[in-house]
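# Summary of structural features
Chain by chain, the residues run as shown.
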Amino acid sequence: MTVLILVPAAVGAVPTPPGGRIAAFATPAEAAAILAADPSPAVILTDTLDAAAQETIAGALRAHPRPCIEVRSARWDGVSPSPLSAACRGVISGFGMNALATAAALVAA
């Protein structure tokens, strides 16, 4: 099963993990449109997203038919409020881009 991997365009190129398909997005509305068009399980890299962008994308994730895992390159304390974290099945943080492959494998299982 192919996993949709959403990556903010501002992050630049990221390695495509096995079984994944990278979809770069420039705006939160574009990310929401990608999610609406693709019912695959998803992984979203949330580096560079501000609070307003996170809220817009979280709404699209709640409507998405398959699970999603959030990946944060930097550490997260696990308690700070995050609309994306609340809309996702899980969060992987602090492992850099290596976490994309792990998240893709988990959400595909």
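For the structure, check the block above.
A short tour of the structure in this document, coming up. Predicted model only: the values in this text are computed from it and were never measured.

What counts and what doesn't
- As a convention, each chain's residues are numbered from 1 in the sequence order in which they are written.
- Per-residue local features of the predicted model are confined to residues with pLDDT of at least 70, and side-chain atom pairs are confined, for both listing and counting, to 80 or more; whole-chain, interface and lining totals are unaffected and use all residues.
- The side-chain values count all of the structure's non-hydrogen atoms but skip hydrogen atoms and water molecules.
- Numbering of helices and strands starts at the N terminus; helices are DSSP runs of H or I of at least 4 residues and strands are runs of E of at least 2.
- Here the globule rule is a power law, 2.2 Å times the number of residues to the power 0.38, and the radius of gyration is based on C-alpha atoms.
- The cut-offs for exposure are 20% and 50% of the maximum accessible area for each residue type, with area from a 1.4 Å probe on protein chains only; residues under the lower value are buried, those over the upper are exposed, and the others partly exposed.
- Throughout, a residue-residue contact means that at least one pair of heavy atoms, one from each residue, lies within 4.5 Å.
- Reported accessibility uses the Shrake-Rupley method at a 1.4 Å probe radius. Residues are deemed covered only where the shown protein chains occlude them.
- The charge count treats Lys and Arg as positive and Asp and Glu as negative. His and the chain ends do not count.
- The atom standing in for a charge is NZ when the residue is Lys, CZ when it is Arg, CG when it is Asp and CD when it is Glu.
- Axis lines are fitted to C-alpha atoms, over the contacting stretch for helices. Their N-to-C directions set the angle, which ranges from 0 to 180 degrees.
- Reported orientations rely on four angle classes, namely roughly parallel under 35 degrees, roughly antiparallel over 145, roughly perpendicular from 65 to 115, and oblique for the rest.
- Polarity classes work like this: nonpolar for Ala, Val, Leu, Ile, Met, Phe, Trp, Tyr, Cys and Pro, charged for Asp, Glu, Lys and Arg, and polar for all others, with Gly in that last group.
- In plain words, nonpolar cores are sets of buried Ala, Val, Leu, Ile, Met, Phe, Trp, Tyr and Cys residues tied together by side-chain atoms within 4.5 Å.
- For this analysis, a salt bridge means a side-chain nitrogen from Lys or Arg found within 4 Å of a carboxyl oxygen belonging to Asp or Glu.
- How far a helix is expected to stretch is found by multiplying one less than its residue total by 1.5 Å.
- Pairing of N or O atoms within 3.5 Å defines a polar contact, subject to two protein rules: one partner must be a possible hydrogen donor and the other a possible acceptor, and residues neighboring in sequence count only if both atoms are side-chain atoms.

A count of helices and strands for the protein chain gives four helices and five strands. Its C-alpha atoms give the protein chain a radius of gyration of 12 Å, near enough to 13 Å, the size a compact globule of 109 residues would have. With the C-alpha coordinates aligned to their principal axes, the bounding extent of the protein chain is approximately 30 × 30 × 25 Å. Sorting the 109 residues of the protein chain into buried and exposed places 43% on the buried side. By sequence separation, contacts in the protein chain at least 24 residues apart represent 57% of the contacts at least 6 residues apart. Of the accessible surface of the protein chain, which amounts to about 5,300 Å², a share of 58% is contributed by carbon and sulfur atoms. Each charge sign in the protein chain was given a centre, from 6 positive and 7 negative side chains, and these centres are 9 Å apart.

Here helix α1 (residues 28-37) crosses helix α2 (residues 51-63) at 10°, and the two axes come no closer than 9 Å. Taken together, the axes of α1 and α2 lie roughly parallel to each other. Between α1, through Pro28, Ala29, Ala31, Ala32 and Leu35, and α2, the contact on the second element is made entirely by Ala53, Thr56, Ile57, Ala60 and Leu61. When grouped by side-chain class, the residues that make up the contact of α1 with α2 number nine nonpolar, one polar and no charged.

The next point concerns the nonpolar core. Side chains of nonpolar character tend, in soluble globular proteins, to be buried together. By size, the foremost hydrophobic cluster in this structure holds 19 residues, and its most contacted members are Leu4, Leu6, Phe25, Leu35, Ile44, Ile57 and Leu61. Of all the secondary structure elements, the ones that give two or more residues to this core are β1 (3-8), β2 (20-25), α1, β3 (42-45), α2 and α3 (83-87). The leading source of residues in this core is α2, at five residues. Every residue in contact with Phe25, bar those within four places of it in the chain, is listed here: Leu6, Val7, Pro8, Ala9, Glu30, Ala31, Ile34, Ile44, Leu49 and Ile57. With 14 residues, the next largest nonpolar core counts Leu45, Ala99, Leu100 and Ala104 among its residues.

A few words on the pattern of salt bridges. Tallying each qualifying case throughout the model produces three salt bridges. Here Arg62 and Glu55 are joined by a salt bridge, their closest N and O atoms 3.8 Å apart. Among the residues examined, Arg62 registers a relative accessible area of 52% and is labelled exposed.

The phi dihedral of Thr48 is positive, around 80°, even though this residue is not glycine. Take Thr48: its relative accessible area is 56%, and that puts it in the exposed class.

We now examine the side chain of Ser40. Along the chain, Ser40 falls in the loop between α1 and β3. In this structure, Ser40 is in contact with Thr2, Leu4, His64 and Arg66, ignoring residues within four places of it in sequence.

We now examine α2. A rise of 1.5 Å per residue sets the reference length of α2, with its 13 residues, at 18 Å; its end C-alpha atoms lie 19 Å apart and thus fit the reference within 8%. One side-chain oxygen at the N-terminal end of α2 lies 3.3 Å from the backbone nitrogen of Ala52; it belongs to Asp50.

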